[in-house]
Every structure is written in C-alpha cells, then in structure tokens.
Amino acid sequence: MSFKTKLGIVAALIALPQMALAQDAAAAPDFNEIGPYIMTTLLFCMAGFLVFFMAAGFAMLEGGLVRSKNVTMQMTKNIALYSIAAIMYWLVGFNLMYPGEFNGYVGSFFVPTVLDPVGVAAADAALDYASIGSDFFFQLVFVAATASIVSGALAERIKLWPFLIFVIVLTGFMYPISGSWKWGAGWLDAAGFQDFAGSTVVHSVGGWAALAGAIILGPRLGKFGKNGRVHPMPGSNLALATLGTFILWLGWFGFNGGSQLAMGTVGDVSDVSRIFANTNMAAAAGAVTALILSQVMYKKPDLTMVLNGALAGLVSITAEPLAPSLFGALWIGAVGGVIVVVTVPMLDKFQIDDVVGAIPVHLFAGIWGTIAVVFYNSDANLMTQLLGIIAYGAFTFVASLIVWVILKATLGIRVSEEAEIQGLDTAELGMEAYPEFSKG
C-alpha cells in the first residue's frame, strides 16, 4: 500500500465523525423551530408559579380579614381547596375545558390529563405551542383562584366539608364547562367575546358563585341589626391582609402576563412586558382611587378599601391588559377602585354579608373590566361582551344556587349559633391560630 493510499485512509477516518455530526445537525431541528416551544413552555411554568403563589395571597388576605377565632378555618379551606382543584382539574376539568371533540357548549367528561412522554422528541412535541405539563399547570392555578374567591366571601359561618364538596363541583365541572365557551374555542369565542385573562371567565365566575352562596348561607350573627344597621366586624390582622394583597399583586403578573400564551418572538416578549406594566398601573390606580374616595366618604382613609381597590384595579384590567396605553390602564383600574368603595356598602344595604369584599372586587369589577375591553380592543363589540357577561352570570349563579340549596337540604352548610359564637377554629377544627390570645 502506497503512502498516498494510507494518507487517504487516515483522512477518510478523520472525516467520518465530522460527517456524522453534519448528518445529526441536519436531522435535529434548529432553535428557530424549537425555540417558541421552549420559551412558551418556560413562560407557562414561570407564570404558573406566580399564580400558584396567589393561593398564599388569598390565604393571607382572608386570614387577616376574619376574626382571630376563625383564622385556622380559613387556612384549612385554602390549602384544601387548592389541592382539590389540582386533583379535579386533572381528573375532569382540563379536557372538559379544552376538549378535542366539542359541540361548542360542553366537552367530554372524565378524560384525565395525560402528560407528554418522558424525554419527548421534538418530532413528537407540539412545537407550535408548549408542553402539555406546562399548559395543564398554568390553567390549573386559574381554577384554584376561582375557588379562593368563594372561600373569602363565605367565611366565619360555613361548614368545612359542604364547602369542599362545592369546590369539587366548581373546579371539576362548572368552571371548566363555562371556561370552554371562551378559552376552549366554544360558542362565545365563535361569537367574538373577548376576555384576555379572565375578568369574566375566572373572576366573575368566582363572584357569582360567592354571591349565590352568601344569599343561601345568610349573614353572620350580629352583622346586621334593626332598621338595616350594619355592625362592623374588624379583621384580626390588617398587616397580614396587606401582605396577602401584595402577594396577589405579584401573582397577577403571571395571571395576565402568562395569558399572552406565547413567548417565541420579539413581539410576544415585548407584549408580555407591556402587560406587566399595564397590570401594575391598574392596581396602583385602583388603590389610590379607593384611598381618596374613602377619605371623602368616611372622613378617614380605610385600609381595607385601599387593599380591595388595588385588587379591583387588577380584576378590571384582566380582560384586556395588552391593548391599552398606561393611561388607559390607569383609568380602567381607577374605575375599579370606585366600584369597590361604592358597592361594599350597597351589599350591606341588601344584607348580603361578604366578609372580605370578594363580590365587589371579583364580580362587579370583573363585569366592568369585561365591558371596558371595547374601548381598546377593535375586535370587541359591546353587545357581545354583554352577552358573555349574562351567559356566565346566568349559568354560574343558577348552577351554584342549585348546588348550595342541595347541600343545605342534605348536609347543612351553616354551623350552629353556638359554634359561630365560639369560633370555627375550636368548634370545627379543635385548634386555634392564636391560642395564646383571647378570642376575637
């Protein structure tokens, strides 16, 4: 064998790995193809973590606004309702809300969620969207937030287990069915109804369910006196309630920002940052408006109004956090602050007892936010927005009313007068959040 032949063989051997690498590179998708999938999956995970943290925000807000003798019950309800929501959304909700085969109104029941295979290949993944696990988790934390709204409104007099049975129905069936009408490409989506992140799909649904429950359950003992006189029942820890509000404010960046549902382009990432800025502005405007208005109406600022004003601003911008300018977000959120200060005493006049102000914040401000979409979204039509509001309200309120009535007639939903006076912590749970202090 000549030297030249040997040299050729060596060169060929050296070239083989390079050829193999070139073939692998040609077979593997580049970042332009897989990048949107990776970035959107990351968006869902990060946003989902933030919305999950809202569960802590709801717990702290409620724990601060109820009397000390009922704090442990609120903590128990909040961790239980999140856990139940997680299981029910896996078992029923996710595929009921986002069905493969769909008549536009209701999908298939009891189709559990199945995740992507371990180590899924790019060829087998939904490269035009995100991983199933990230999408499932991101949608799951929304339904848990809906249940938390109900928890706060009905505090201090509802039994634990009937409440948790209602949570099973709400998170497994009611919320996914109505949610599919818009987000699952159902009949309201086809009609042109607009709700970017859930002023109606999430917040009003929670508010309607809470309103039905508050009507059936009745007010707390001593809340309303003769001639409609309202007896204030101050919360146990306004510092805790303030912490809860800030946690919810933080979580809302994931709530609204993640609802962009894409982070694979410069435009998507820029839009997410725009949503963050508008979300923050609406909350700030709601808080400041409630601060000023409570000073004017009550001669002194009311911290609870300010906290709920911020939350109402957040709910108000949730239906359309992308399109408005910062000024648009400011005035939309400010109207939310006005709504809270005006409607909290209005509910008292009707003797509807909402312990934390959940109905004004999530229902009334949610309705306002859904209407406000028409000012900045050219695809929105006022009549269609009103149609969506009415459809969600009628379905959720009537369905909730039926469930509450059945629970009241069978298990009973309200604790005894003795238990309510003693406090649900000791009467229902046998433990206290603040055992070293006297009962509130």
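I will try to describe carefully the structure that is included in this document. All figures in this text were calculated on a predicted structure; none of them were measured in a lab.

With that out of the way, let us pick up the overall build of the chain. Counting secondary structure elements, the chain contains 15 helices and 0 strands. Projected onto the principal axes, the alpha-carbon positions of the chain cover approximately 115 × 50 × 45 Å. Taken over 440 residues, the chain has a buried fraction of 52%. Long-range pairs, those at least 24 residues apart, make up 79% of the contacts in the chain between residues at least 6 apart in sequence.

This paragraph deals with a nonpolar patch on the surface. Nonpolar side chains collect at one region of the surface, where Val288, Leu291, Ile292, Val296, Met297 and Tyr298 lie side by side and expose about 530 Å² of accessible area between them. Topologically, Ile292 is positioned in helix α9 (residues 266-298).

The next subject is α9. An ideal rise of 1.5 Å per residue puts 48 Å on 33 residues; α9 measures up with 48 Å between its terminal C-alpha atoms. Count one or two residues on from α9 and you reach Lys299, which has phi positive near 70°.

Let's shift gears to the pattern of salt bridges. All chains considered together, the criterion is met by 5 salt bridges. Residue Asp189 pairs with Lys182 through a salt bridge whose shortest N-O separation is 2.9 Å. For Asp189, a relative accessible area of 30% gives the class partly exposed. By relative accessible area, which is 11% here, Lys182 ends up buried. A network of salt bridges, in which partner residues are shared, links Arg67, Glu156, Arg220 and Asp353.

With that settled, the discussion passes to the side chain of Arg157. You can see Arg157 is positioned in the loop between α4 (132-153) and α5 (160-182). No salt bridge is formed by the buried Arg157; the nearest opposite charge belongs to Asp353, separated by 4.3 Å. For Arg157, the side chain forms a polar contact with the main-chain oxygen of Ala153, separated by 3.1 Å. A distance of 2.8 Å separates the side chain of Arg157 from the backbone oxygen of Asp353, its partner in a polar contact. Residue contacts for Arg157: discarding those within four places in its chain leaves Ala214, Leu217, Gly218, Pro219, Arg220, Asp353, Val355, Ile413, Arg414, Val415, Glu420 and Leu424.

For the rest of this paragraph, the subject is the packing of helix α7 (residues 199-217) against helix α13 (residues 382-410). Relative orientation and spacing of two packed helices are given, respectively, by the angle between their axes and the distance between those axes. The N-to-C vectors of α7 and α13 enclose an angle of 35°; their axes lie 8 Å apart at closest approach. Here α7 runs over α13; the crossing is right-handed. Where α7 abuts α13, its residues Thr200, Val201, Val205, Trp208, Ala209, Leu211, Ala212, Gly213, Ile215 and Ile216 lie against Gly388, Ile389, Tyr392, Gly393, Thr396, Phe397, Ser400, Leu401, Trp404, Val405 and Lys408. When grouped by side-chain class, the residues that make up the contact of α7 with α13 number 14 nonpolar, 6 polar and 1 charged.

Tracing the sequence through the fold places Gln385 in helix α13. Sequence-distant contacts of Gln385, defined by excluding residues within four places in its chain, comprise Gly192, Phe193, Gln194, Thr370, Val373, Val374 and Ala380.

For the rest of this paragraph, the subject is the nonpolar core. By size, the foremost hydrophobic cluster in this structure holds 100 residues, and its most contacted members are Phe142, Phe166, Phe255 and Trp404. Once residues within four sequence positions are removed from consideration, Phe142 is found in contact with Val51, Tyr175, Trp183, Ala197, Val202, Phe255 and Ser259. Counting 7 residues, the second-largest nonpolar core is a separate cluster that includes Ala282, Ile332, Ile339 and Ala372.

So, about unusual backbone geometry. Positive phi values are uncommon outside glycine, yet Phe110 reaches one of about 55°. Its location among the elements puts Phe110 in the loop between α3 (71-97) and α4. At Gln351, a position not held by glycine, the phi torsion is positive, near 55°. Looking at the element boundaries, Gln351 is found in the loop between α11 (326-349) and α12 (358-372).

Taken as a whole and assessed by the stated rule, the structure comprises 26 aromatic pairs. Ring geometry for Phe142 and Trp183: centres 6.0 Å apart, planes at 80°, overall edge-to-face. On the criterion of sequence distance, the pair formed by Phe142 in helix α4 and Trp183 in the loop between α5 and α6 (187-191) is long-range, its members being 41 residues apart. For the pair Phe142 and Trp183, a shared accessibility class is recorded, and that class is buried. Relative to Phe276, the ring of Phe253 lies with its centre 5.8 Å away and its plane at 70°, an arrangement referred to as edge-to-face. Here Phe276 lies in helix α9 and Phe253 lies in helix α8 (residues 238-257), a separation of 23 residues in the sequence. Put simply, the rings of Phe44, Tyr129, Phe138, Phe142, Trp183, Trp252 and Phe255 touch in pairs and so form one group of aromatic residues.

Another aspect to go through is the environment of Tyr82. Looking at the element boundaries, Tyr82 is found in helix α3. Sequence separation of Tyr82 and Phe52 is 30 residues, and the distance between their C-alpha atoms is 9.0 Å. In this view, Tyr82 contacts Phe52, Ala55, Phe137, Leu140, Val141 and Ala144; residues no more than four positions away in its chain are not counted.

Right, let's talk about the packing of helix α10 (residues 303-318) against α11 for a bit. At a minimum axis distance of 7 Å, the contact between α10 and α11 shows a crossing angle of 130°. One finds that α10 runs oblique with respect to α11. Seen from above, α10 lies across α11 with right-handed handedness. Counted together, Met305, Asn308, Gly309, Ala312, Gly313, Ser316 and Ile317 of α10 and Ala329, Ile332, Gly333, Gly336, Gly337, Val340, Val341, Val344 and Pro345 of α11 form the full contact between these two elements. Classifying every residue of the contact of α10 with α11 by side-chain character gives 9 nonpolar, 7 polar and no charged.

Considered as a void within the structure, the largest pocket measures approximately 760 Å³ in volume. As for the largest pocket, its lining consists of 27 residues, of which Lys223, Pro232, Asp302, Thr304 and Val344 are closest to the centre. Taken together, the elements giving at least two residues each to the lining of the largest pocket come down to α10 and α11. Along the lines of polarity and charge, the residues of the lining of the largest pocket split into 16 nonpolar, 4 polar and 7 charged. Lining the second largest pocket are Tyr98, Tyr129, Asp135, Phe138, Gln139, Phe142, Trp183, Phe196, Ala197, Ser259 and Leu261. By residue class, the composition of the lining of the second largest pocket is 8 nonpolar, 2 polar and 1 charged.

What counts, and at which threshold
- Residues numbered from 1 in each chain as written.
- Predicted model: local features only at pLDDT ≥ 70, side-chain atom pairs only at ≥ 80, totals over all residues.
- Heavy atoms only, no water.
- Helix = DSSP H or I, 4+ residues; strand = E, 2+ residues; numbered from the N terminus.
- Buried < 20%, exposed > 50% of the residue type's maximum accessible area, 1.4 Å probe, protein only.
- Contact = heavy atoms within 4.5 Å.
- Patch = residues over 30% accessible without salt bridge, like charges linked within 9 Å, V, L, I, M, F, W, Y side chains within 5 Å.
- Areas by Shrake-Rupley, 256 points an atom, 1.4 Å probe, with all protein chains shown as cover.
- Salt bridge = Lys/Arg side-chain N within 4 Å of Asp/Glu carboxyl O.
- Expected span 1.5 Å × (residues − 1).
- Lys, Arg positive; Asp, Glu negative; His and termini not counted.
- Polar contact = N/O pair within 3.5 Å; in protein donor to acceptor, adjacent residues only side chain to side chain.
- Axes fitted to C-alpha atoms, helices over the stretch in contact; angles between N-to-C directions.
- Left-handed = near helix turned anticlockwise from the far one by under 90°.
- Nonpolar A, V, L, I, M, F, W, Y, C, P; charged D, E, K, R; others polar.
- Core = buried A, V, L, I, M, F, W, Y, C linked by side-chain atoms within 4.5 Å.
- Phe/Tyr/Trp six-rings, centres within 6.5 Å; stacked < 30°, edge-to-face > 60°.
- Parallel < 35°, antiparallel > 145°, perpendicular 65-115°, else oblique.
- 1 Å grid on protein atoms, 1.4 Å probe; cavity = no way out; pocket = protein on both sides within 12 Å on 5 of 7 lines; lining within 4 Å.
- Points joined across faces, edges and corners; volume = space filled by probe spheres on them.

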